[in-house]
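Examination of the molecular architecture
Each chain, written out:
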Amino acid sequence: MSTIEQEIAKRRTFGIISHPDAGKTTLTEKLLLFGGAIQTAGAVKSNKIKKSATSDFMEIEKQRGISVATSVMTFEYHDLKINILDTPGHKDFAEDTYRTLTAVDSVILVIDCVKGVEEQTERLMEVCRMRKTPVIIFINKMDREGQNPFDLLDELEQKLMIKVRPLTWPINIGQNFKGVYNLYDKSLNLFSVNKTRIERDIVAIDDLNSPELDKQVGERDANQLREDVELIEGVYDEFDRQAYLDADVAPVFFGSAVNNFGVQELLDTFCDIAPATLPRPTDVRVIIPTDKKFSGFVFKIHANLDPKHRDRIAFLRVCSGIFERNKFYHHVRLDKDVRFSNPYNFMAQSKDVIDEAFPGDVVGLYDTGNFKIGDTLTEGEDFFFQGIPSFSPEIFKELINMDPLKSKQLEKGIQQLTDEGVAQLFLIQPGNRKVVGTVGDLQFEVIQYRLEHEYGAKCRFDSMPISKACWITSDNPAKLQEYIRLKGTQIGYDKDEHPVFLAESDWMLRMNIQNNPDIRFHQTSEFK
Ligand code: G4P
């Protein structure tokens, strides 16, 4: 195997997703703990200040306690290099999460055993299904009186529309939860309940009929486990790794992240079965990670880590070849060559400058305004990575400048914040009116706050009677121009100056589609 092949085989780049409060942050922290990346629990989440230093670094986040930022945590475990891409759970930041999912090779989905499948879980799973991303499900909080595990599995299959296959099984639930039996390697690992350190007490049970099982968990629970396992083996097919990699089956793990139960089983099996770096489609061809030439794309931009210096960090996912420090790369959209003297990686709790990075890695690039979400870097070839579209926003408001002396700052601020993907900006002529579109109300507050604190600009948002934005194209340029002229202020221009029809209602949109057969209406910005 060549160096690059070896490096690729070592990579596991994945995202943890969940409905808020299911335990995503806790699980992330426990994975870091079991992976040896941090020594004590609480490092990721013990308080908001620390949290801002490692996983979420935005002032707003500290204020609100909502995980706004997507961050990356890397650690080494059993010769593997594991990259966890964290995602905001709050639904108003769903687009950020969707974009992060373009940069992962697999996903761990966390479910609260009391609440079962929640609204945000369904939406996130829809994106995974669409992209055929392999998913592992972790059912958390088994120390609470949750639903019956068999019922939970049925609910997962029905609501998430994917076949499931348990790979661990809980021994009792609620207050009497004792741990999980590992169906994958047929062992029983009992942990002492301990929230800050790992004290493992592994009891290997090779044979479920062994009296050791009764001794460890009591006769009643031992018999129940035997019955459950028999039922599982009867009802569910053998675990088929290929079916998991093809996103046809989701393996399921049970546990309690906060109590360390079931996390080791999850991590070890994940390392065994999760895919290494996968190929990525572009508008020209599929890019294979082992391609000799480097390529990658920006899936996230984070601005103003230090409000005094207006620096931004672009998160670049390496897709092929080797990324090298100080080497010139081709910025496809701007058609110019760029190089980076201080690219860094995200080892848990610290950032180190790196000399090279391999496919599957995420590199942090200091940016002075060259990048937008979705930008592609190559070694000269012209292509764009696919699957990083903007979707039609759901709420539209006009941005009104409240301080005429600061209009330059406002202009710059809104440009940069929308480059980051916080929201979408559409310009309406005449008058250069700025319409901001988002998927949730919270983003307007974030924008207002950040414009004021990071750019010194004051603004107000006025509601607009718009419910949908559709990108418009036509094979007949004259017809398109005529349509744009006729629609006047119902046409906005996005950041790439593509015309967008801003529809008042779904009905109005349908009428326009019906009455204008020469115009194509696109639901996302990615059309060819
Ligand atoms: P999120 O990132 O998905 O939003 O969830 P997070 O990890 O912050 O967990 C949400 C709450 O659930 C936290 O409680 C956390 O301690 C708790 N939790 C996580 N795993 C388990 C578990 O296995 N069992 C039980 N019973 N609770 C769990 P909190 O009160 O909101 O915060 P904290 O003060 O405890 O940190």
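Residues numbered from 1 in each chain as written. Predicted model: local features only at pLDDT ≥ 70, side-chain atom pairs only at ≥ 80, totals over all residues.

Put simply, the rule reads: UniProt positions are given in the numbering used here, feature names are shortened, and annotations may be inferred rather than shown by experiment.
An unreviewed UniProt entry lists the protein chain under the name Peptide chain release factor 3, with Siphonobacter aquaeclarae given as the organism. Check the Sequence similarities (unreviewed entry) section of the UniProt entry for the protein chain; it says "Belongs to the TRAFAC class translation factor GTPase superfamily. Classic translation factor GTPase family. PrfC subfamily." We quote the UniProt Function (unreviewed entry) comment for the protein chain here in full: "Increases the formation of ribosomal termination complexes and stimulates activities of RF-1 and RF-2. It binds guanine nucleotides and has strong preference for UGA stop codons. It may interact directly with the ribosome. The stimulation of RF-1 and RF-2 is significantly reduced by GTP and GDP, but not by GMP."

**Describing the sheet that holds strand β3 (residues 80-86)**
Filter applied, for reference: One bridge is not enough; two strands pair if DSSP finds at least two bridges between them. The numbering of helices and of strands both runs from the N terminus, where a helix is a DSSP run of H or I of at least 4 residues and a strand a run of E of at least 2. Only the stretch in contact is used when a helix axis is fitted, and all axes are lines through C-alpha atoms; the angle between N-to-C directions ranges over 0 to 180 degrees.
The seven strands are arranged β2-β3-β1-β4-β5-β11-β6 in an open sheet whose pairing can be described as mixed. The sheet is open, and its two edges are formed by β2 (72-77) and β6 (163-166), each paired on a single side. Strand-to-strand twist of the sheet, defined as the mean angle between neighbouring strand axes without regard to direction, takes the value 25°. Sheet topology places β6 next to strand β11 (residues 249-254); four bridges connect them, and they run parallel.

**Observations concerning the packing of helix α12 (residues 407-419) against helix α13 (residues 441-455)**
The criterion, for reference: Throughout this description, any angle smaller than 35 degrees is read as roughly parallel, any larger than 145 degrees as roughly antiparallel, any in the 65 to 115 degree range as roughly perpendicular, and the remainder as oblique. Left-handed describes a crossing in which the near helix is turned anticlockwise from the far one by less than a right angle; the clockwise case is right-handed. We call two residues in contact if the C-beta atoms placed from their backbones are at most 7 Å apart. Side-chain classes are defined by residue name, with Ala, Val, Leu, Ile, Met, Phe, Trp, Tyr, Cys and Pro counting as nonpolar, Asp, Glu, Lys and Arg as charged, and the others, Gly among them, as polar.
Interaxial distance between α12 and α13 falls to 10 Å at its minimum, and their mutual angle equals 125°. In terms of their interaxial angle, α12 and α13 are classed as oblique. Viewed along their axes, α12 and α13 form a crossing whose handedness is right-handed. Along the contact surface, α12 presents Gln 409, Leu 410, Lys 412, Gly 413, Ile 414 and Leu 417, while α13 presents Ile 447, Arg 450, Leu 451, Glu 454 and Tyr 455. Classifying every residue of the contact of α12 with α13 by side-chain character gives six nonpolar, two polar and three charged.

**Points about the nonpolar core**
A general tendency of soluble globular proteins is for nonpolar side chains to be buried together. For the record, the criterion: We define the nonpolar core as any set of buried residues of the types Ala, Val, Leu, Ile, Met, Phe, Trp, Tyr and Cys, connected via C-beta atoms lying within 7 Å of each other. Remark: C-beta atoms are placed from the backbone, and a residue is labelled buried if 20 or more other C-beta atoms sit within 10 Å of its own, exposed if 12 or fewer do, or partly exposed between those counts.
Residues Val 107, Leu 109, Ile 137, Phe 138, Ile 139, Val 298 and Leu 316 are the most contacted members of the largest nonpolar core, which totals 90 residues. In terms of residue count, strand β15 (residues 312-320) provides more of this core than any other element does, six residues in total. Ignoring sequence-local partners within four residues, the contact set of Phe 138 consists of Leu 27, Ile 108, Val 110, Phe 253, Gly 255 and Leu 266. The next biggest cluster of nonpolar side chains, apart from the first, holds 27 residues, and it includes Ile 414, Val 422, Leu 451 and Cys 459.

**Looking at the site of the ligand**
Convention followed: Residues are classed as near a molecule or strand if the C-beta position derived from their backbone is within 6 Å of it.
Residues in close proximity to the ligand total 18 residues, the closest being Lys 24, Thr 25, Thr 26, Ser 256 and Val 258. For the shell around the ligand, the leading source of residues is helix α2 (residues 24-34), giving three residues. Looking at side-chain class alone, the shell around the ligand contains four nonpolar, eight polar and six charged residues.

**Here's the deal with the sheet that holds strand β28 (residues 468-473)**
Pairing is antiparallel across the open sheet formed by eight strands, whose spatial order is β27-β24-β26-β25-β29-β30-β28-β31. In the strand order of this sheet, the two ends are held by β27 (459-463) and β31 (520-522), each with one partner. Shown here is a sheet whose adjacent strand axes are inclined to one another by a mean of 40°, direction ignored. Two elements, strand β25 (residues 424-428) and strand β29 (residues 491-493), share two bridges in a ladder whose sense is antiparallel. Bridge pairing in β29 places Leu 427 opposite Tyr 493.

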